[in-house]
Amino acid sequence: MIKFFRNIRKKLLKEGKTSKYLKYAIGEIILVVIGILIALQINNTNEQRKETKELKEYLHKISTNVQSDIDQVEKLKIRRDTVRAKAIRSSKALGANDFSRIEDIFLGRSCFVEFYFIPDKSGFEALKSSSYLGKINNTKVDSLLSLYYSRVDKTHADELSYNTFIENMEVKLSERIDLTSLYLLYSKIYINNEAIDINEYTDILPYIQDNAFKSAIFRTLSERTYLGNYPKLIELGNALIQEINMFCNNDY
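Since the model is a prediction, treat every value here as computed from it, not as a measurement. (Residues numbered from 1 in each chain as written. Predicted model: local features only at pLDDT ≥ 70, side-chain atom pairs only at ≥ 80, totals over all residues. Heavy atoms only, no water.)

**Q** Can you help me understand the overall build of the protein chain in this one?
**A** The secondary structure content of the protein chain amounts to nine helices and zero strands. For the protein chain, the sequential pattern of α-helices and β-strands runs α-α-α-α-α-α-α-α-α. Considering only residue pairs separated by 6 or more positions, the protein chain has 83% of its internal contacts joining residues 24 or more positions apart. Accessible surface, the protein chain as shown: approximately 15,100 Å² in total, 55% of it carbon and sulfur. (Helix = DSSP H or I, 4+ residues; strand = E, 2+ residues; numbered from the N terminus. Contact = heavy atoms within 4.5 Å. Areas by Shrake-Rupley, 256 points an atom, 1.4 Å probe, with all protein chains shown as cover.)

**Q** Would you mind going over the environment of D104 with me for this structure?
**A** Tracing the backbone shows D104 in helix α3 (residues 102–106). Through-space distance from the C-alpha of D104 to that of S90 is 5.0 Å; in sequence the pair is 14 residues apart. In this view, D104 contacts R89, S90 and A93; residues no more than four positions away in its chain are not counted.

**Q** What should I look at first to understand the packing of aromatic side chains in this one?
**A** The description of two aromatic rings rests on the distance between their centres and on the angle between their planes. Inspection of every chain in the model, using the stated rule, returns four aromatic pairs. Considering the side-chain rings of F124 and Y149, the 4.2 Å spacing of their centres and the 5 degrees angle between planes classify their relative orientation as stacked. Placement of the pair is F124 in helix α4 (residues 122–129) and Y149 in helix α5 (residues 140–176), with a sequence separation of 25 residues. Comparing F124 with Y149 shows no difference in burial state: the two are buried. Residue classification places Y149 among the buried residues on the basis of a relative accessible area of 3%. (Phe/Tyr/Trp six-rings, centres within 6.5 Å; stacked < 30°, edge-to-face > 60°. Buried < 20%, exposed > 50% of the residue type's maximum accessible area, 1.4 Å probe, protein only.)

**Q** Please explain α4 as it appears in this structure.
**A** Note on helix geometry: an α-helix contains 3.6 residues per turn, so any two residues three or four positions apart are oriented the same way. Along α4, the residues that are buried comprise G123, F124 and L127. End-on, the buried residues of α4 take up no more than an arc of 100 degrees, which puts them together on one face. (Arc of directions from axis to C-beta.)

**Q** Mind showing me how you'd approach the packing of α5 against helix α8 (residues 211–222) here?
**A** Two quantities define a packed helix pair, namely the angle between the axes and the distance from one axis to the other. Between α5 and α8, whose axes approach to 9 Å, the crossing angle comes to 165 degrees. Considering the angle they form, α5 stands roughly antiparallel to α8. Judged by the twist between their axes, the crossing of α5 over α8 is left-handed. Here S161, Y162, F165, I166, M169, K172, L173 and R176 of α5 lie close against α8, whose contacting residues are A212, F213, S215, A216, R219 and T220. (Axes fitted to C-alpha atoms, helices over the stretch in contact; angles between N-to-C directions. Parallel < 35°, antiparallel > 145°, perpendicular 65-115°, else oblique. Left-handed = near helix turned anticlockwise from the far one by under 90°.)

**Q** Looking at this structure, how should I read the pattern of salt bridges?
**A** Pairing of side chains with opposite charge becomes possible as their charged atoms draw close. Counted according to the given criterion, the structure contains ten salt bridges. Residue D81 is joined to K77 by a salt bridge in which the shortest nitrogen-to-oxygen separation is 3.0 Å. Here the residue D81 and the residue K77 both occupy positions in helix α2 (residues 18–95), the gap between them amounting to four residues, near one helical turn. Judged by its relative accessible area of 30%, D81 is partly exposed. With a closest N to O distance of 2.4 Å, R89 and D104 form a salt bridge. Placement of the pair is R89 in helix α2 and D104 in helix α3, with a sequence separation of 15 residues. A relative accessible area of 15% places D104 in the buried class. (Salt bridge = Lys/Arg side-chain N within 4 Å of Asp/Glu carboxyl O.)

Take a look at the structure:
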């Protein structure tokens, strides 16, 4: 093609058609400029498609992470509801000072089992470290990301506070009381389903009468953070997944 245009120029010059040559040269320059502009436009379009594809990959990763979080939270809520139900039975027996209901009182032991919500933030952290976060500024996805991960951080802080308190109560108990008989009794009641005579286990009475034991139970009963945090995490997580799907299904 270049050789073709060169031959035309040579022919015009040879024939002395200077004015036609100048017009032709100008036209050729315009064609070259147009070609460059088209090439740039194609390159920009391809680059935008590449960036959009990579952004959607980040968002899909976040969506997968959030779904995993939701599954985890739903299981955690069931466990915490179970512990709370046991704490209620234990507190009622303790409140009645009825040590013949040792099985109910001893259910308070479940309050010392710690649960943690461990979110997968890998997709979100990767997006923040990339150059694509700004591409979703002022979108609903951006807003929901902020709301969701703020609730994630709040849940982590609340659980850390609660679990630290429970750990401290358990340490206090272990410092004051020999827990050997405690574990033996626990095994008999809840693993072997044996009937027990409380008179044979008077050495564990200090344990269930200790303020640290009672404090763990009543802190569990008064703990409201998971009751608010878990449903809110599920609500925000589902909304975020839905918005990410809508965002990724659109052409940008």
